[in-house]
Amino acid sequence: MHPQPTARLIRGSILHFLSDPGEEVDHSAWEFFEDGALVVDDGKVLQVGHWNDVLEKLPELTRQTARYHDYCGKLITPGLIDAHVHYPQMSVIGSYGRQLLDWLEHYTFPTEAGFADLSVAQRTAAFFCDRLLAHGTTTASVYATVHPHSVDALFEAAQSRKLRMLSGKVMMDRNCPENLRDTAESSRVDCEALIERWHGKDRLLYTVTPRFAPTSTEAQLQIAGELFRSKPGIRLQSHLSENRSEIRWVEELFPDCKDYLAVYEKFGLLGPGAIYGHGIHLSDKERRRMAASGAAIAHCPTSNLFLGSGFFELDATLSAGIPVALATDVGGGTSLSMLRTMEAAYEVSQTLHAPLSAYRTWYLATLGGAKALQLDDVIGNFLPGKEADFTVWQFDATPELAWRMETTTSLDERLFAMTMMGDERCVAATHILGEPVNAWAAV
Ligand code: GUN
Ligand code: ZN
């Protein structure tokens, strides 16, 4: 280990995951260092462990020259991952009384049409990225709008903040308003140009984004499959089996497909690197085929509750072998907060009599999300060499939390209570590649 002036030494309680703790809560799935040290150099993790052990091995010069961040009494975790979110829908959040298809027509499409104006896209993208960081989220898989410049706006905002971010232009050539419609061919040309401009630049990756089966012709879905396979590392995102009326509509539009998943199968839209929002009403057969393909599901519990879509069967999905991530799905979802999302995931699991542990929830929001997005080689935990995006949490950030913490006796309890009761007030700092970006706590 060579001493570098770029090194940072971070002290606090540290929690990160090595694997899925599972339903039975396997304690070897995570590491917790009550008095922990994280050593970062050049934006990457050099070492993580107990403070005394790490300090003992740290070269004298590094110890003297490293920037020191004291987060004693606080919890440090890998930055959270929001695996499915629509940045143009920041002003759709909390729109009353409609379920998916009506909600799209009445609230979402008119709002997205406003993104024809580049300045709307730029202003929203900057706000969105700043708010992600305020909530402790450091990576997201983001839907833009049909307008190619909406992707430029998001990637520019992410790039200037050095964020690891995935996004793509929505592809949508039927069953939507005229002013939001592309064509199969124009979407190919636009996506190819965006891929050329952005894919693999800094920490950005292009994600082919056909909105969902009903808004694309077969010709466009075919092109989406070709784009997905056109360059290494390109991701794909869409929606799947969210709402009963949507499923019936897909059956009508694609009569030759035996179920919803078969539409995406037909056009080569499954496989590792593909992630689908919702997946609430899948049959066992669909789950088995999805697992075999390597495609993942983004569980969006606040959205599923808000839009009245249903209760996602997390255990059945994970047991089938499908990678699952957590996601806000703003603006169907009600908050950019992954804590609020984890709370909703727990509440849904309770209605299904399969309570989700705090540990598994945090796994899903960190390493699980990274695996689902095929990013676990670079983010998701603090193994040496990973990119050092992390969030610092304060357990007693509100009077109610402080009161509640007085009677907690274990990490389990503290973590769970903060997850159920907390929000962005619990974020003491967020670091990107080791660097604090909104450190309003003592640094
Ligand atoms: N299905 C197709 N488009 C959307 C969207 O914008 N939000 C949600 N929740 N579901 C969708
Ligand atoms: Zn969505």
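Here, every reference points to the structure presented above.
Computed from a predicted structure; not experimentally measured.

**Student:** For this particular structure, what's the right way to read the coordination of the zinc ion (ligand 2)?
**Tutor:** Around a metal, the ideal angle is 109.5 degrees if four donors adopt a tetrahedral arrangement and 90 or 180 degrees if six donors adopt an octahedral arrangement. Distances from the zinc ion (ligand 2) to its protein donors, namely His 84 (NE2), His 86 (NE2), His 239 (NE2) and Asp 329 (OD), fall within the range 2.0 to 2.3 Å. Geometry at the zinc ion (ligand 2) is irregular, judged from the 4 donor atoms that bind it and their angles of 92 to 165 degrees at the metal. As a motif over one chain, the donors of the zinc ion (ligand 2) read H-x1-H-x152-H-x89-D. One end of the pair, His 86, is in strand β5 (residues 80–86); the other, Asp 329, is in the loop between β13 (324–326) and α13 (338–351), with 243 residues separating them in the sequence. For the pair His 86 and Asp 329, one class covers both residues: buried.

**Student:** Which parts of the structure should I look at to understand the site of ligand 1?
**Tutor:** Looking at ligand 1, there are 13 residues lining it, with His 86, Gln 89, Arg 211, Glu 242 and Asp 329 nearest. Within the side chain of Arg 211, a nitrogen or oxygen atom sits 2.7 Å from an oxygen atom of ligand 1. A distance of 2.7 Å is found between a nitrogen atom of ligand 1 and a side-chain nitrogen or oxygen belonging to Asp 329. The protein chains hide 100% of the 280 Å² of surface that ligand 1 would expose on its own. Among the elements that take part in the shell around ligand 1, helix α3 (residues 100–113) stands out by supplying 3 residues, more than any other.

**Student:** Would you mind going over unusual backbone geometry with me for this structure?
**Tutor:** Leave glycine aside and you will find that most residues have negative phi; peptide bonds, for their part, are mostly trans. The peptide bond linking Val 330 to Gly 331 adopts the cis configuration, its omega dihedral lying at 0 degrees. Note on placement: Gly 331 falls in the loop between β13 and α13. Phi angles above zero are rare outside glycine, and Lys 162 is one such case at about 60 degrees. Looking at the element boundaries, Lys 162 is found in the loop between α5 (148–160) and β7 (164–168). A positive phi is found at Asp 202, a non-glycine position, where the angle reads about 45 degrees.

**Student:** Just checking my understanding: could you explain the pairing of strand β9 (residues 204–210) for this structure?
**Tutor:** Within a regular beta strand, the side chains point alternately toward one face of the sheet and then the other, so they alternate between its two faces. Of all 7 residues in β9, 7 are buried, a share of seventy percent or more. Burial of β9 is two-sided: the residues Leu 204, Tyr 206, Val 208 and Pro 210 facing one way and the residues Leu 205, Thr 207 and Thr 209 facing the other way are all buried. Pairing geometry for β7 and β9, over 3 bridges, is parallel. Across the sheet, residue Met 165 finds its bridge partner in β9, namely Leu 204. Both strand β8 (residues 170–171) and β9 contribute to a ladder of 2 bridges, which runs parallel. Each residue of the ladder has a partner; that of Val 170, found in β9, is Thr 209. In this view, the connection linking β8 to its parallel neighbour β9 by way of helix α6 (residues 184–198) has right-handed handedness.

**Student:** I'm lost on helix α8 (residues 244–253) in this one. Help?
**Tutor:** For the α-helix, the turn length of 3.6 residues means that residues three or four positions removed from each other point alike. All of the buried residues along α8 are Glu 246, Ile 247 and Val 250. Buried residues along α8 cover an arc of 100 degrees about the axis, so they all sit on one side. Those residues of α8 that are exposed and angled more than 90 degrees off the buried face are Arg 244 and Glu 252. Tucked inside the fold, the buried residues of α8 contact α3, β10 (235–240) and α9 (260–266). The N-cap of α8, judged by a side-chain oxygen 2.8 Å from the amide nitrogen of Ser 245 a few residues on, is Asn 243.

**Student:** I tried to follow helix α10 (residues 284–293) on my own but got confused; where do I start?
**Tutor:** Among the residues of α10, Glu 286, Arg 287, Arg 289, Met 290 and Ala 291 are the ones counted as buried. Contacts made by the buried residues of α10 are with β10, α9, β11 (274–278), β12 (296–299) and α12 (314–319). A positive phi of about 90 degrees marks Gly 294, the residue just after α10.

**Student:** Mind showing me how you'd approach the pattern of salt bridges here?
**Tutor:** Where charged atoms from two side chains of opposite charge come close, those side chains can pair. Throughout the structure, instances matching the rule amount to 24 salt bridges. With a shortest N-O distance of 2.9 Å, Asp 20 and Arg 360 are connected by a salt bridge. In this pair, Asp 20 is assigned in the loop between β1 (8–17) and β2 (30–41) and Arg 360 in helix α14 (residues 358–372), connecting sequence segments 340 residues apart. What makes Asp 20 partly exposed here is its relative accessible area of 25%. Between Glu 218 and Lys 266 there is a salt bridge; the shortest N-O distance is 3.3 Å. You can see Glu 218 sitting in helix α7 (residues 218–228) and its partner Lys 266 sitting in helix α9, a full 48 residues away along the chain. The partly exposed category is assigned to Lys 266, whose relative accessible area is 40%. Residues joined by salt bridges that share partners form a network here, namely Arg 164, Arg 203, Glu 387 and Asp 389.

Conventions used here
- Residues numbered from 1 in each chain as written.
- Chains lettered and ligands numbered in written order.
- Predicted model: local features only at pLDDT ≥ 70, side-chain atom pairs only at ≥ 80, totals over all residues.
- Heavy atoms only, no water.
- Donors = N, O, S within 2.8 Å, 3.2 Å for Na, K, Ca; no water.
- Tetrahedral: all angles 85-135°; square planar, octahedral: opposite > 155°, others 65-115°.
- Helix = DSSP H or I, 4+ residues; strand = E, 2+ residues; numbered from the N terminus.
- Buried < 20%, exposed > 50% of the residue type's maximum accessible area, 1.4 Å probe, protein only.
- Near = heavy atom within 4 Å.
- Polar contact = N/O pair within 3.5 Å; in protein donor to acceptor, adjacent residues only side chain to side chain.
- Areas by Shrake-Rupley, 256 points an atom, 1.4 Å probe, with all protein chains shown as cover.
- Pairing = 2+ DSSP bridges.
- Right-handed = clockwise from strand over helix to strand, strands pointing away.
- Arc of directions from axis to C-beta.
- Contact = heavy atoms within 4.5 Å.
- Salt bridge = Lys/Arg side-chain N within 4 Å of Asp/Glu carboxyl O.

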